[in-house]
Amino acid sequence: MEKRYENLVSRLAGQPCVKVLFVCLGNICRSPAAEGVMRRIVEEGGEGSRWVIDSAGTGRYHIGQLPDNRMRVHARRRGLELTHRCRQVCEQDFDDFDIIIGMDSDNVRNLRRVAPTPEAEEKIVPMAAFVDMAMRYDHIPDPYYEGAEGFELVLDLLENGCSRFFACCRK
């Protein structure tokens, strides 16, 4: 993990509450899946009450909708129920969350445009910074136009990255 991200994450480890926002384009596949995966990890780790976890999209295409049904089916097979209602990221999120994790470079770039201050911009981290399993991507790929294997790959990457993020933030 890059030093600039390590510094942010190490500060989170000492906080009584960690507030994380996962962000993708439409908030229907990757970010709600990351939210669900992270919720399970912190619950299983006994720190559920210490964490605030949410997700949002940089686009406004699906506001108010449940996540994509295909992602919900694949997540359910892993014991995750994705019940989040899609929303768009806003400036207030930079005040409400300690870290904002974007799924790919487009999401990170869009988040930087929304960030109201340079300090807020420092909260943005790409999800791939936490993934340490071998992959051919430098981001979490969008499974929307892929088949079942795309959704499974995204869930594998998110489980790995969220587990590593949690381990870095444990008290």
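Right above here is the structure, for reference.
Residues numbered from 1 in each chain as written. Predicted model: local features only at pLDDT ≥ 70, side-chain atom pairs only at ≥ 80, totals over all residues. Heavy atoms only, no water.

Participant: Could you give an account of the overall build of the protein chain, naming the residues involved and the relevant values?
Facilitator: Counting secondary structure elements, the protein chain contains seven helices and four strands. Ordered by position from N to C terminus, the α and β elements of the protein chain give α-β-α-β-α-α-β-α-α-β-α. In terms of overall dimensions, the protein chain is globule-like: its C-alpha atoms have a radius of gyration of 15 Å, near the 16 Å expected for 171 residues. Dimensions of the protein chain, computed from C-alpha atoms along their principal axes, come out at roughly 40 × 35 × 30 Å. The buried share among the 171 residues of the protein chain stands at 50%. For the protein chain, the share of sequence-separated contacts (at least 6 apart) that also reach a separation of at least 24 residues comes to 76%. (Helix = DSSP H or I, 4+ residues; strand = E, 2+ residues; numbered from the N terminus. Rg over C-alpha atoms; globule rule 2.2 N^0.38 Å. Buried < 20%, exposed > 50% of the residue type's maximum accessible area, 1.4 Å probe, protein only. Contact = heavy atoms within 4.5 Å.)

Participant: So what's going on with the packing of helix α1 (residues 3-13) against helix α7 (residues 148-169)? Which residues, and what values?
Facilitator: For the pair α1 and α7, interaxial distance at closest approach is 7 Å and the crossing angle is 60 degrees. In this view, α1 runs oblique relative to α7, as classed from their interaxial angle. Across the interface between the two elements, Val9, Leu12 and Ala13 from α1 touch Phe165, Cys168 and Cys169 from α7. In terms of residue class, the contact of α1 with α7 is built from six nonpolar, no polar and no charged. (Axes fitted to C-alpha atoms, helices over the stretch in contact; angles between N-to-C directions. Parallel < 35°, antiparallel > 145°, perpendicular 65-115°, else oblique. Nonpolar A, V, L, I, M, F, W, Y, C, P; charged D, E, K, R; others polar.)

Participant: Which residues make up the side chain of Asp93, and what values go with them?
Facilitator: Residue position: Asp93 is located in helix α4 (residues 93-96). Of the residues examined, Asp93 reaches a relative accessible area of 3% and is grouped as buried. At 2.9 Å, the side chain of Asp93 forms a polar contact with the side chain of Arg87. Not counting the four nearest positions on each side in its chain, Asp93 is found in contact with Leu21, Arg87, Gln88 and Ile100. (Polar contact = N/O pair within 3.5 Å; in protein donor to acceptor, adjacent residues only side chain to side chain.)

Participant: Outline the nonpolar core, supporting the account with residue identities and numerical values.
Facilitator: Core analysis: the biggest nonpolar cluster contains 41 residues, and Phe22, Met38, Trp51, Ile99, Leu158 and Phe165 have the highest contact counts within it. Among the secondary structure elements, those contributing two or more residues to this core are α1, β1 (18-24), α2 (30-44), β2 (51-57), α3 (69-77), β3 (99-102) and α7. Of all hydrophobic cores here, the second largest spans 12 residues; its members include Ile100, Leu111, Ala120 and Ile124. (Core = buried A, V, L, I, M, F, W, Y, C linked by side-chain atoms within 4.5 Å.)

Participant: So, unusual backbone geometry: which residues are in play, and what are the values?
Facilitator: Positioned with a positive phi, Asn27 is a non-glycine residue whose angle comes to about 65 degrees. Summarising the element assignment, Asn27 is placed in the loop between β1 and α2. Exposure remark for Asn27: the relative accessible area of 0% places this residue in the buried category.

Participant: Can you explain the sheet that holds strand β4 (residues 124-126)? Please cite residues and give values.
Facilitator: Taken together, four strands build an open sheet; the order of strands is β2-β1-β3-β4 and the sheet is parallel. If you trace the sheet from one side to the other, it starts and ends with β2 and β4, each paired once. When strand polarity is set aside, the average angle formed by the axes of neighbouring strands in this sheet is 25 degrees. Contacting β1 and β2, α2 crosses the sheet at an angle of about 170 degrees to β2. Along the sheet, α7 makes contact with β1, β2 and β3, crossing β2 at roughly 140 degrees. (Pairing = 2+ DSSP bridges.)

Participant: Which residues make up α3, and what are the values?
Facilitator: Those residues of α3 lying buried are Met71, Arg72, His74 and Ala75. Along α3, the residues classed as buried sweep out an arc of 165 degrees about the axis, all on the same side. On the buried face of α3, the contacting elements are α2 and α7. Its side-chain oxygen at 2.8 Å from the backbone nitrogen of Arg70, Asp68 defines the N-terminal cap of α3. Of the residues flanking the end of α3, it is Gly79, one or two places downstream, whose phi is positive at about 85 degrees. (Arc of directions from axis to C-beta.)

So, to be careful, I would describe these as geometric facts and stop short of saying anything about function.
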